[in-house]
Amino acid sequence: MKGQCLCRKVTVEIDEAPEYINICNCRFCRSLGAAWGYFRKAQVTVTGETKSYRRDDLDEIFLDGYFCPTCGTCTHYVNFAQPERDRMAVNTRLFEQDELDGIEVRYLDLRGEDYIRTATGKIGDGCAF
Amino acid sequence: MKGQCLCRSVTIEVENAPEFINICNCRLCRKLGSAWGYYLPQAITLSGATTAYSRDDLGYQAGCETHFCTNCGTSTHFVVTHPDHEGVGVNTRLFEQETLQGIAVHYYDTRSRNSPEDQPERTGEGTIGDGHSF
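Values in this document were obtained by computation on a predicted structure and should not be read as measured data.

## Brief notes about the overall build of chain B
Along its length, chain B carries one helix and 11 strands. For 134 residues, the compact-globule formula gives about 14 Å, and the C-alpha radius of gyration of chain B, at 14 Å, lands near that figure. For chain B, the C-alpha atoms occupy an extent of roughly 35 × 35 × 25 Å along the three principal directions. Within the span of chain B, comprising 134 residues, buried residues form 39% of the whole. Expressed as a percentage of contacts within chain B between residues at least 6 apart in sequence, the contacts between residues at least 24 apart total 55%.

Put into structure tokens, the structure is as follows:
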């Protein structure tokens with residue numbers, strides 16, 4: 001499955017649809033407006049120029065977020081603090097929505113100390129894009 | 001009300017909370033993942049460096065220019081560029097979620113929209129704080 005940013009300069013290819021998609025309201029996820037699917041690194045091929053951003057406002061920093069420098073679309077993030085952890089996240093909004101129809105969407109409220117799952121939806125339910 | 005991008009390089013200040021927020025799945029809105037509140041251009045104050053992008057894949061002149069933080073990529077706002085209209089869409093995700101609590105969120109499916117004249121279909125209703133409208 002191939003996805004692209006708004007201006008089509010960045011392409012992300014994955015070898016299967018994600019099992020589920022997370023939408024979260026932590027500062028990182030809410031600011032970037034991403035809907036994350038999770039993959040092993042070998043499952044993901046990113047082509048085209050991306051720019052990375054690493055937060056400097058946290059006690060513990062572990063993520064690099066990537067976006068297209070031409071159109072701003074958030075493409076993926078990588079946990080750089082645990083390179084041995086074979087996992088990365090792709091913004092599933094790169095893919096055509098029709099290709100994701102029916103996939104479970106988990107809404108997570110992270111404003112407190114713990115994750116709270118506040119809702120479950122699925123792509124195609126009229127709210128989960 | 002003041003909002004900031006992820007890295008806090010860009011600040012947008014508005015006088016009032018938006019009346020409502022739109023979340024839409026057209027190519028532009030879905031890729032950028034924004035939740036738009038609407039304002040007149042003079043009602044917002046912007047500071048910090050943004051990069052502008054206008055679509056060139058529509059087959060007609062794009063009616064808006066989108067802006068994002070050059071440093072962290074956060075979508076900040078769009079500006080209507082159509083000569084007969086004015087307006088700005090601010091990404092309400094710049095503001096703390098608590099300051100938007102209770103505001104109506106309209107969900108629009110525009111996958112079946114073929115021209116700028118087609119009215120998008122409203123497919124869902126929410127409010128900020130309902131557990132899925134962030």
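The rest of the description comes next.
## Here's the deal with the overall build of chain A
A count of helical and extended segments in chain A gives two helices and 11 strands. Secondary structure elements in chain A, listed N-terminal to C-terminal, are β-β-β-α-β-β-β-β-β-β-α-β-β. For chain A, the spread of C-alpha atoms along the principal axes amounts to about 35 × 35 × 30 Å. Scored against the burial criterion, the 129 residues of chain A give a buried share of 40%. In chain A, of all internal contacts separated by at least 6 residues, the share reaching a separation of at least 24 is 51%.

## Looking at the sheet that holds strand S5 (residues 44–47) of chain B
Residue and element names in this part refer to chain B. With respect to topology, three strands assemble into an open sheet ordered S1-S2-S5, the strand pairing being antiparallel. Two strands in the sheet have a free side with no partner beyond their single neighbour: strand S1 (2–4) and S5. In this sheet, adjacent strand axes meet at a mean angle of 20 degrees when their direction is disregarded. Two strands pair when backbone bridges link them, and strand S2 (residues 11–14) and S5 are joined in this way by four bridges, in the antiparallel orientation. Of the residues in S5, the one forming a bridge with isoleucine 12 is leucine 46.

## Description of the interface of chain B and chain A
On the side of chain A, 32 residues touch chain B, which itself brings 32 residues to the contact. When residues of the side of chain B that touches chain A are traced back to their parent elements, those giving at least two are helix H1 (27–32), strand S6 (50–53), strand S7 (64–69), strand S10 (104–109) and strand S11 (121–127) of chain B. Per-element accounting of the side of chain B that touches chain A gives the leading share, five residues, to H1(B).

## Considerations on the nonpolar core
Soluble globular proteins tend to pack their nonpolar side chains together in the buried interior. Counting residues in hydrophobic clusters, the biggest one holds 61 residues, and the most contacted among them are Cys5(B) and Ile23(B). Excluding anything up to four places from it in sequence, Ile23(B) contacts Phe129(A), Ala35(B), Val105(B) and Tyr107(B).

## Overview of the confidence of the model for chain B
In the predicted model, chain B carries a mean pLDDT of 94, and the fraction of residues at 70 or more is 96%. This prediction of the complex comes with two scores: 0.95 for pTM and 0.95 for ipTM.

## Structural notes on unusual backbone geometry
The phi dihedral of Arg8(A) is positive, around 70 degrees, even though this residue is not glycine. Under the C-beta neighbour-count criterion, Arg8(A) is labelled partly exposed, with 13 such atoms within 10 Å. Backbone geometry at Arg8(B) places phi at a positive 70 degrees, although glycine is not the residue there. Position of Arg8(B) among the secondary structure elements: in the loop between S1 and S2.

Parameters at a glance
Residues numbered from 1 in each chain as written. Chains lettered and ligands numbered in written order. Predicted model: local features only at pLDDT ≥ 70, side-chain atom pairs only at ≥ 80, totals over all residues. Helix = DSSP H or I, 4+ residues; strand = E, 2+ residues; numbered from the N terminus. Rg over C-alpha atoms; globule rule 2.2 N^0.38 Å. Buried ≥ 20, exposed ≤ 12 C-beta atoms within 10 Å, placed from the backbone. Contact = placed C-beta atoms within 7 Å. Pairing = 2+ DSSP bridges. Axes fitted to C-alpha atoms, helices over the stretch in contact; angles between N-to-C directions. Core = buried A, V, L, I, M, F, W, Y, C linked by C-beta atoms within 7 Å. pLDDT = per-residue confidence, 0-100.

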